[in-house]
Amino acid sequence: MSVWASSERWSDCRTGATGRRAAVVVLLGLTWLAAMPAVALAAPGRANLILRAARLGAPISSTQFGAFLEEINHSGDGGLYAELVRNRDLKEDSNAPIWWSQFTTGQSTASVALDSTQPLTSANPLSLKLSIGTVAPGKSVGVANWGYWGVPVRPSTTYRVSFFAKSSRASSGVLSVSLVRLLDGKVWASAKVNAVTNAWARYTAVIRTPAGIPPSLTNRFVISTSDTADSNSTMWFAMVSLFPPTYHGLANGFRIDLMQKISALRPGYFRIPGGNYLEGDNPATRFDWKTTLGPIEDRPGHDNSAWGYWSQDGIGLLEWLELAEQVHAQPILAVYDGYSLDGIVTPPAALQPYVKDALDEIQYAIGPTSSPWGAQRAADGHPAPFDVRMIEVGNEDNLDPSGSYNAYRYAAFYDAIKAAYPQLRIMATAPVTSRPMDVLDEHFYDDSPSYFAAHAHAFDHVTRRGPKIIVGEYAATTASPTGTMSGALGEAAFLTGIERNADLVIGASYAPLLTNVNEPNWYTNLIGYNGVASFVSPSYWVLRMFSADHGRRLIASRLAGGNGKLFEVASRSPGHTFVLLVNDSGVTQTIDIRLTGLRTGARGGTATVLMGKPSSVNTLFNPNAIVPAVHRLGRLGSRFSSVLPAESVTALNLHTS
Ligand code: AHR
C-alpha cells in the first residue's frame, strides 16, 4: 500500500532534543541555514519546528481554498462581465437614459430620450430614442455611451459591437460605430454598419484599434450617422453592446485580467451567485435564475436591492456556472430558500414554489439533456452537465430570528434535493437539528487582524461528529477598497488553522472577491480595478500562497519556542513537503526546522515570502507595494533554519522524497 493510502492519523509530536549548529547554505534575499552539529535547536529566543513527514494526517480537500462571488461592488456589471456599454438595457433609471447622451459634431443637432413606445422584446421594452434635428454636411449625429466610468481603449484590440436599431425612415444612412476620445473627439477606431430600416433588426460590426496607442479610459462609444438625409428623422436603439476580447473567447464572457487573477488562485470551488445578492431585500429582488437565461434581449434584469444597483443579468445562471468552469472550480450552487434580507420569511404553505425552483435549477446545472431543464441548458449552448456536487440552501440564515430555517425551510429543501439527487451534498447556512447538515457554511468578518490570529486555533477542538465546515466568507476588514498587510497576516494565521483542520474544514473563500474602485459597496475586498487596470491585495497573495503551497495530506508538526506569534501548517505530496509559516510579530524570528520521516532531507525547493509594513496596501497606482518574493533554495538536508522577517508569511515548497 502506498504511503498516500495510509490511514494513519496525525498527532502532535514531541520536540526532539538535538544539538546542531546552523550554517548558511543559500542566501537569496533570505537567510536559509542548513543545520550543523553542536548548537541546541531550541536556543533561547528561537523557535523550533519538527515536521514528521511519515505521520500523515488528513487529506487536504481539492476544495480547501475556493472563491466566492456575487454582484456587489460592480463585480459583474462594470467588472468581470466583459460588456463595456453601461445601461445596455436602459433600466438603470426609469426617468432618463443615464450613461447615454446625444453625440453631435459641428452644427449638427439631436437629443436622446427613453422611449417605451417601441418595445424590442417583452423583457426589454425600453429603447433609446435619437431625435435628429440637423446632420450638418460632413458632420455626425448619434448616441454615445460613457461606459463604466469610461470606455477602455487598448491598442491592437478587436471589439465586437452589436445592437438592435430601427429608423423612422425606410432606410437610414450608413452608420458608424466608433471609440472616441472624450477630450478632443479623436476617433481611435471605427467601423461601418449597414443602413437601418424601419423595423427592429440586429446589427453587428467589429472595431479594431491600431497598434501603438496608449491604453486609456477617458473615451465614449458612439453610434452615428453622417448622412444629411437623416436630418429630421428618428432612430431607436436597444441592447447596444460592445465586447472586448474575453477570457477563453467566451461570447458572453468575462474580462481577461480579472479571470487570470482568479484563475491563479486555483480555486477548488466557486460559491455562486451570492451572498446577499441571492436573497435580495425581498423575494421579488432575489436572484430569480429562470429570468436570467437565453439571449440577452430576453433577460429582463432585476433590481439588485441587496447592493443598491440594477443588475442586467448578463451573467445569468449559465454564465455563473461557466465562470466556475472556466477556472476549473467546482461550482457550489446556492439556491434561494424563501428568506430575504428585509426579514421576509416565506411561510410553509408558500414555500413549495421555491423548492420546485431549486430542483429545476439543479436540473439545469446537472440534469441530462433529456430532462426539460437539461435540454434548456443544451439549447443555451452547454449540453454537458456542470460539475456541481454541493448545493447551499440560502445564505446566512442565522440572521433569520424567526427560527424558520430549522423549523421547516431547510428540511423542505433538504428532503426534496436528497430525494432527487442523493449524490449531492447539502450545505446549511446556519446550524440546524431538523435534518442532517453535510456541510455548514460559516462566515468570519472583523476589522481587527488580531481577531483572525486569535481564531487560528478555533477549529482545533470542534467536534468531528458534526458537519464538515466551509468558511464561505472571511476577511479582515482593514481598509478600503482592499485590505492591508496586517489584515493579510491575521488571515494567514487563520488559514493555517483552517488547513491544519482539513479533516473538518474543507473550504475557505475570501469575500468579497472583486470591487470596481469607483463604487465599492463593501469596505474591504480582494481584487480592485477600474476599466483598464486591476490589482490584488496582500490578502490575495496570502490566499494564493496557501492555495499553491499545500500537499495532498497534512503531516504531523510541532512548533515550540519563539515569541508566541508564530503559526504553521505542514503537508506533503509525493516529492514535496510544504510548510506555511506566519510571523505575526514585529520582530524577526529565527526558526530551526527538523524534517523527519523521509529517506533524505530537502534537496532544494522554493521559499515564497510576503512581507511589508502592516499598514501597506496595494492600489491601482501602486499595485506592487506588497508582492511575494520567490527564493530558490539549495540543498537543506533534514535540519535547517530560517530567519522569518517581522510581519511575514513564508511558504516553503521543499523537494523531498
Ligand atoms: O460579502 C458581503 C456580504 O457579507 C455577503 O453578501 C453576505 O453573505 C455577508 O453578510
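Refer to the structure presented above.
Only a predicted model underlies this, so the values are computations on that prediction, with no experimental measurement involved.

> Help me understand the sheet that holds strand E10 (residues 175–181) in this model?
Sheets are built from strands that pair by backbone hydrogen bonding, the pairs being arranged parallel or antiparallel. Spatial strand order, E5-E8-E13-E10-E11: 5 strands in an open sheet with antiparallel pairing. Strands with a single pairing partner mark the edges of an open sheet, and in this sheet they are strand E5 (100–104) and strand E11 (187–193). Each strand of the sheet is rotated relative to its neighbour by a mean of 25°, with strand direction disregarded. In terms of strand pairing, E5 meets strand E8 (residues 141–145) through 5 bridges, oriented antiparallel. Counted as the bridge partner of Thr-104 is Val-141 from E8.

> Would you mind going over the environment of Leu-333 with me for this structure?
Assignment of secondary structure puts Leu-333 in strand E18 (residues 330–335). Those residues in contact with Leu-333 that sit more than four places away from it in its chain are Ile-272, Leu-317, Glu-361, Ala-365, Val-388, Met-390, Ile-391 and Glu-392.

> Please explain the sheet that holds strand E4 (residues 67–68) as it appears in this structure.
Strands sit in the order E4-E15-E18-E21-E22-E23-E24-E25 across an open sheet of 8 strands; the sheet is parallel. Each of the sheet's edge strands pairs with one partner strand only, and the pair in question is E4 and strand E25 (505–510). Two strands pair when backbone bridges link them, and E18 and strand E21 (residues 390–393) are joined in this way by 4 bridges, in the parallel orientation. Paired with Ala-334 across the bridge in E21 is Glu-392. In this fold helix H7 (residues 404–420) packs onto E18, E21 and strand E22 (425–428), with an angle of close to 165° to the strand it touches most, E22.

> So what exactly am I meant to see when it comes to the pattern of salt bridges here?
When their charged atoms lie close together, side chains carrying opposite charge are able to pair. Scanning the entire structure with this criterion turns up 23 salt bridges. The salt bridge partner of Glu-319 is Arg-299, with a shortest N-O separation of 3.0 Å. Highlighted residues: Glu-319 in helix H4 (residues 317–326) and Arg-299 in the loop between helix H3 (276–279) and strand E16 (302–304), separated in sequence by 20 residues. The two residues Glu-319 and Arg-299 agree in class, both being buried. A network of salt bridges, in which partner residues are shared, links Arg-286, Asp-288, Lys-290, Lys-356, Asp-357 and Asp-360.

About the criteria used
- Residues numbered from 1 in each chain as written.
- Predicted model: local features only at pLDDT ≥ 70, side-chain atom pairs only at ≥ 80, totals over all residues.
- Heavy atoms only, no water.
- Pairing = 2+ DSSP bridges.
- Helix = DSSP H or I, 4+ residues; strand = E, 2+ residues; numbered from the N terminus.
- Axes fitted to C-alpha atoms, helices over the stretch in contact; angles between N-to-C directions.
- Contact = heavy atoms within 4.5 Å.
- Salt bridge = Lys/Arg side-chain N within 4 Å of Asp/Glu carboxyl O.
- Buried < 20%, exposed > 50% of the residue type's maximum accessible area, 1.4 Å probe, protein only.

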